[in-house]
Amino acid sequence: MTSVLVIGAGIAGAASAIALAQGGVSVDVVERTPRENTSGSGITLQGNALRVLRSLGVWDRVREHGYGFDTLGLRAPDPHGTLLVEMNDARTGGPDLPATVGMERPVLASILHDAAESAGAKLRFAVTADSFAHDEDGVTVTFSDGTSGRYDLVIGADGVRSATRAAIGIDVAPQPTGMGIWRLVGPRPDSITRTDLYYGGAGYIAGYCPTGENSLYAYIVEDAQDRGGLSPAERLSVMKGLAENYHGPWDDIRADLDDPSAINYTWFESHVIDGPWHRGRVVLIGDAAHCCPPTVAQGGAQALEDAFVLAEMVLAADSIDDTLLDAFTARRLPRARAVVEASVQIGTWMLAHDRDADVPGLMGRVAALVSEAP
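Residues numbered from 1 in each chain as written. Predicted model: local features only at pLDDT ≥ 70, side-chain atom pairs only at ≥ 80, totals over all residues. Heavy atoms only, no water.

J.: Go over the overall build of the protein chain, please, and point to the residues and values.
T.: When its secondary structure is counted, the protein chain shows 10 helices and 20 strands. For 374 residues, the compact-globule estimate of 2.2 N^0.38 gives 21 Å, and the C-alpha radius of gyration of the protein chain, at 21 Å, lies within 12% of that figure. Reported as C-alpha extents along the three principal axes, the dimensions of the protein chain are approximately 65 × 40 × 40 Å. Buried residues in the protein chain amount to 52% of all 374 residues. Long-range contacts, defined as pairs at least 24 residues apart, comprise 70% of the intrachain contacts of the protein chain with a sequence gap of at least 6. Of the roughly 15,600 Å² of accessible surface on the protein chain, 49% is carried by carbon and sulfur atoms. Distance from the positive charge centre (29 side chains) to the negative charge centre (49 side chains) of the protein chain: 1 Å. (Helix = DSSP H or I, 4+ residues; strand = E, 2+ residues; numbered from the N terminus. Rg over C-alpha atoms; globule rule 2.2 N^0.38 Å. Buried < 20%, exposed > 50% of the residue type's maximum accessible area, 1.4 Å probe, protein only. Contact = heavy atoms within 4.5 Å. Areas by Shrake-Rupley, 256 points an atom, 1.4 Å probe, with all protein chains shown as cover. Lys, Arg positive; Asp, Glu negative; His and termini not counted. Charge placed at Lys NZ, Arg CZ, Asp CG, Glu CD.)

As C-alpha cells, then:
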C-alpha cells in the first residue's frame, strides 16, 4: 500500500494522516472548509486521548497550549455555588499523563495540521471529494477543484454529517437524544483551574473547562428546543439568563459574558454504525462512524483511537482487503458502542429525573474501559 486519501481534516482525519505519513505512506487530505476557519469552542481531552497524541508526537505542543488538571469538582446550583466534593479524576492514559487537558478546538486543529504536513501529508482546504470509482485494486476519486487521484485506501473522517458515509451507501444518520447545549468561549478567570459540574438548577448540567492560560469554554445543558430563530443578541440574552442561576466561579464567567459571537447552541445527537465501517476500500472513522453526546467527554478520544488503530493495522498489513477492514471494525466497534451507549444512558437518566441512576458507577466503568489500550 502506497497511497491514502483522508476526507476531513478534523481530529480523526488529521490524526490518521499523521500516523500514516509517519509510516511512509503517501497521504492526501481534503477538507471542505477553508484553512482559516476557526470555528469551534473547546474540547476536553481525557488521558486516553492524550496517550494517542503522545504516540503521534504532538503531546509537547498540546501540553504547552492546553490546560491540564487532575481533579473534578461537583458544585451545588445554590446561591453560593457551594463546592460539594473535589475528587481525583481517572488518569486513563496512565500515571505519566494528566487526567484531562482542556484545549481550544482551533488550536488543537492547527497543531494536528502542522504535524500532518511535517510528516509529509498534503493538505488541501475548501476541497471536497465528489465521486468514487471502486475496483479490486483501489479507488479513483474526483475532486471539486477538477482534479482526480488514485488511492489504495480512502478514509472518510468527515464528521457526523459525513458525505462519504452517504456516498458509499451506509444509511445511518444521527438522532437527537432530547437535550440541547449552550456553549460559550471566553477568558479564564483565576477561579477556574479544572472542570466543575453543577447538576440541576436551570439546566440538567452546567459546567466549564479551562482551555488555556487565558481561555475557557462553559456550557449549560437543557431540553432540546428550536433555538434557530434567535438572533445573536437573543442567544446571548438566553445564555445570560440561564447563567444567572449558577454561582461560585460562574459569577466570574458571567462578568465577561458580553460577546454574542461567543455563543452557540446545538442538540445532542448519537449514532453508531453497527456493522462493517467500510465498503470496498473506503472506510469510516470518528464521528462518521459513531458519535455521542459529550456526557462522558469521549468523542474526541474515540476519534483519535480510531485513527491510531486503523493506521497501526494498515501499516502492518500486506494488503488492503475486506478481511483487514472487517478486523478494524471488530476491534473498534465494541468500545465505541459502549461509549455511545453510556453517553446516551446518562442523558436518558437525567431527562427522566431518575434519582436511582448510578451515574458515578457508569462513568467509572467507562474510565476502566478506555484505560485499556485501544
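Still to come is the rest of the account.
J.: Please set out the pairing of strand E9 (residues 129-135) residue by residue, giving values where relevant.
T.: A regular strand places its side chains on the two faces of the sheet in alternate fashion. When E9 meets strand E10 (residues 138-143), the two strands line up antiparallel, connected through six bridges. Across the sheet, His134 pairs through a bridge with Val139, a residue of E10. Here E9 folds back onto E10, and the loop between the two strands holds two residues. (Pairing = 2+ DSSP bridges.)

J.: Explain the sheet that holds strand E17 (residues 263-272) residue by residue, including any values.
T.: Across the sheet, which stays open at both edges, the eight strands sit in the order E6-E5-E14-E15-E16-E13-E17-E20 with mixed pairing between neighbours. Where the open sheet ends on each side, the last strands, each with one partner, are strand E6 (83-88) and strand E20 (290-291).

J.: So, the pattern of salt bridges: which residues are in play, and what are the values?
T.: Applying the stated rule across the entire model yields 21 salt bridges. Among the salt bridges present, the one from Arg61 reaches Asp114, with a minimum N-O distance of 3.4 Å. Here Arg61, found in helix H3 (residues 59-65), pairs with Asp114, found in helix H4 (residues 105-119); they are 53 residues apart in sequence, far enough to count as distant. In this structure Asp114 comes out as partly exposed when scored by relative accessible area, which is 29%. (Salt bridge = Lys/Arg side-chain N within 4 Å of Asp/Glu carboxyl O.)

J.: Can you explain the packing of aromatic side chains? Please cite residues and give values.
T.: Under the criterion given, the structure shown has seven aromatic pairs. An angle of 65 degrees between the planes, with centres 6.4 Å apart, marks the rings of Tyr208 and Trp250 as edge-to-face. Taken together, the residues span a long stretch of sequence, with Tyr208 in strand E15 (residues 205-212) and Trp250 in helix H7 (residues 249-255) at a distance of 42 residues. Taking the relative accessible area as the measure of exposure, Trp250 reaches 0% and is therefore buried. Seen from their ring centres, Trp277 and Phe328 are 5.8 Å apart, and the 80 degrees between their planes marks the pair as edge-to-face. Separated by 51 residues along the polypeptide, Trp277 in the loop between E17 and strand E18 (278-279) and Phe328 in helix H9 (residues 322-351) bring together distant segments of the chain. Through a chain of ring-to-ring contacts, three or more aromatic side chains come together here, namely Tyr198, Tyr208, Tyr246 and Trp250. For the cation-ring pair, Arg124 lies above Phe143, with the distance from its terminal atom to the ring centre recorded as 4.6 Å. In this structure, Arg227 is placed above the aromatic ring of Tyr265, and the distance from its NZ or CZ to the ring centre is 5.9 Å. (Phe/Tyr/Trp six-rings, centres within 6.5 Å; stacked < 30°, edge-to-face > 60°. Lys NZ or Arg CZ within 6 Å of the ring centre and 35° of its normal.)

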